[in-house]
Amino acid sequence: MLLALATLLPMLAQEVEVVSRQRLLEGVEGPAYYPVLNATGDRLLFATDAGALKMHDLVDGVTTVVTRDYVAGNDACWGGDGKVYFVTQQMGDNHLIYRTGQSFDPATSKTAQLTGPQHGAMRAVPATRGAALKAPGGEGYRSSGDIGSAAWTEGSRVHVTVNGEDRVFSPVDSWAGYLWASLSPDGKKVAFFAAGKGIVVIDLRGQMLAMLGNYEMPCWYNNDYLVAQNAKDDGHQFTSSQIVLLKADGTYKADLTKPASMTMQPTCGGGKIVYTTIDGLLYEMKINIYQ
């Protein structure tokens, strides 16, 4: 009995309050998807209905077109150097899809092509000192010789780079693979999604710290909490979707939006949470967590 009570105490002692919630880009932009906040929470990437990539400055309210070429969801990130790294897609004459790695510098509004068009998967991977463009079996680009720490997935493996050392782990079985790996802000933990298992948190040696449940698209709110999407479907379409807060040790969960809200694709930065709806309406949320 005492042991059960001790287990419940951490959950009972915590509470989250939604301090504010506001619509972004209302009347300015059409549907917006796959938002990505930078670490300080003052700039936001998002994809349009047509797949173009745009950047919105949350301080001065200015929206900039990064590229009008098609960028698939989750194919854009903020590098630790403040630049945007992204992968565009184009159909070749042979009807194959070719991907090109590029960067955008908000300071100069200049775009640079980093790789030539290539057939096959390519993804932009954020790092603490820059970014990389990763492809199966190789690497298309590094922003510098030392990009710092990074995490990404490939099949049923999670890759972690720490001080120039590349480590590869498969802490849980998942026939359909891993997705959405990211480092905690202090660089000490990695969270990722394992299909059929849910969100997994490991340390930098690949040791499992917690399994948080079958939620998707985890992002670190701070070193102790993550925000994720809890979506349900009937095999054909979404039936509900909400944003949830999860403690990284697995002891606490709180709903930030209701299942009927059809809210999804959360991103965090600078104490802010941004998410979209199934109709492409962007919202910014701020919360307080009480112990």
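This structure is a prediction, so every number in the text was calculated from the model and none was measured.

J.: Looking at this structure, I do not really get the pairing of strand 25 (residues 263-269). What am I missing?
T.: Along any regular strand, the residues point their side chains to alternate faces of the sheet. Within strand 25, 7 of the 7 residues are buried, which leaves it mostly tucked inside the rest of the structure. Bridge count for strand 25 against strand 26 (residues 272-277) is 5 bridges, and the pairing is antiparallel. Bridging across to strand 26, Cys268 finds its partner in Ile273.

J.: Looking at this structure, how should I read the packing of aromatic side chains?
T.: The relation between two aromatic rings is expressed through the spacing of the ring centres and the mutual angle of the planes. What the rule picks out here adds up to 3 aromatic pairs. The interplanar angle of 35° and the centroid separation of 4.6 Å between the aromatic rings of Tyr178 and Phe192 together place this pair among those described as tilted. Of this pair, Tyr178 sits in strand 17 (residues 178-183) while Phe192 is found in strand 18 (residues 189-194), placing the two residues 14 residues apart along the sequence. Phe192 matches Tyr178 in its accessibility class, with the two residues each being buried. Arranged with centres 5.2 Å apart and planes meeting at 55°, the rings of Trp180 and Phe193 form a pair that is tilted. In this pair, Trp180 sits in strand 17 while Phe193 sits in strand 18, placing the two residues 13 residues apart along the sequence.

J.: What is the right way to look at unusual backbone geometry in this model?
T.: Excluding glycine, a negative phi dihedral is what most residues carry, and trans is how most peptide bonds are arranged. Of note, the phi angle at Tyr34 is positive, near 50°, even though the residue is not glycine. Residue Met262 is not a glycine yet carries a positive backbone phi of 55°. Looking at Met262, the relative accessible area reads 14%, which means it is buried.

J.: Sorry if this is basic, but what is going on with the pattern of salt bridges here?
T.: Side chains that differ in charge, positive against negative, can pair when their charged atoms come close. Tallying each qualifying case throughout the model produces 7 salt bridges. Linking Glu26 and Arg23 is a salt bridge whose minimum nitrogen-to-oxygen distance equals 3.6 Å. Its relative accessible area of 55% is what places Glu26 among the exposed residues. Among the ionic pairs, Arg167 bridges to Glu165, the shortest N-O distance being 3.1 Å. For Arg167, a relative accessible area of 11% translates into the label buried.

J.: Whenever I open this one, the sheet that holds strand 22 (residues 225-233) confuses me. Can you help?
T.: Think of a sheet as strands paired side by side through backbone hydrogen bonds, with each pair either parallel or antiparallel. Across the sheet, which stays open at both edges, the 4 strands sit in the order 21-22-23-24 with antiparallel pairing between neighbours. Both outer strands of the open sheet, strand 21 (216-220) and strand 24 (253-255), are each paired with one neighbouring strand and no more. Pairwise comparison of adjacent strand axes, ignoring direction, gives a mean angle of 25° for this sheet. Relative to strand 22, strand 21 is paired through 3 bridges, and the arrangement is antiparallel. Bridging from a neighbouring strand, Cys219 pairs with Val227 of strand 22.

J.: In this structure, what is going on with the side chain of Gln89? I would like to understand it.
T.: Looking at the secondary structure, you find Gln89 in strand 7 (residues 84-91). By relative accessible area, which is 15% here, Gln89 ends up buried. With residues up to four places along the chain from it excluded, the contact list for Gln89 reads Tyr70, Ala72, Asp75, Ile97, Tyr98 and Arg99.

J.: Before we go on, may I ask you to explain the environment of Tyr141 in this structure?
T.: Residue placement: Tyr141 occurs in strand 13 (residues 138-142). A C-alpha to C-alpha distance of 6.8 Å links Tyr141 and Leu114, two positions 27 residues apart in sequence. Apart from residues no more than four positions distant in its own chain, Tyr141 is found in contact with Tyr85, Leu114, Thr115, Ala132 and Leu133.

J.: Please explain the sheet that holds strand 3 (residues 43-48) as it appears in this structure.
T.: If you trace the 4 strands from one edge of the open sheet to the other, you get 2-3-4-5, paired in antiparallel fashion. What marks the edges here is a single partner per strand, and that holds for strand 2 (32-37) and strand 5 (63-67). With direction set aside, neighbouring strand axes in the sheet form an average angle of 30°. Here 4 bridges tie strand 2 to strand 3, and the two strands are oriented antiparallel to one another. Bridge pairing in strand 3 places Val36 opposite Leu45.

Calculation criteria
- Residues numbered from 1 in each chain as written.
- Predicted model: local features only at pLDDT ≥ 70, side-chain atom pairs only at ≥ 80, totals over all residues.
- Heavy atoms only, no water.
- Buried < 20%, exposed > 50% of the residue type's maximum accessible area, 1.4 Å probe, protein only.
- Helix = DSSP H or I, 4+ residues; strand = E, 2+ residues; numbered from the N terminus.
- Pairing = 2+ DSSP bridges.
- Phe/Tyr/Trp six-rings, centres within 6.5 Å; stacked < 30°, edge-to-face > 60°.
- Salt bridge = Lys/Arg side-chain N within 4 Å of Asp/Glu carboxyl O.
- Axes fitted to C-alpha atoms, helices over the stretch in contact; angles between N-to-C directions.
- Contact = heavy atoms within 4.5 Å.

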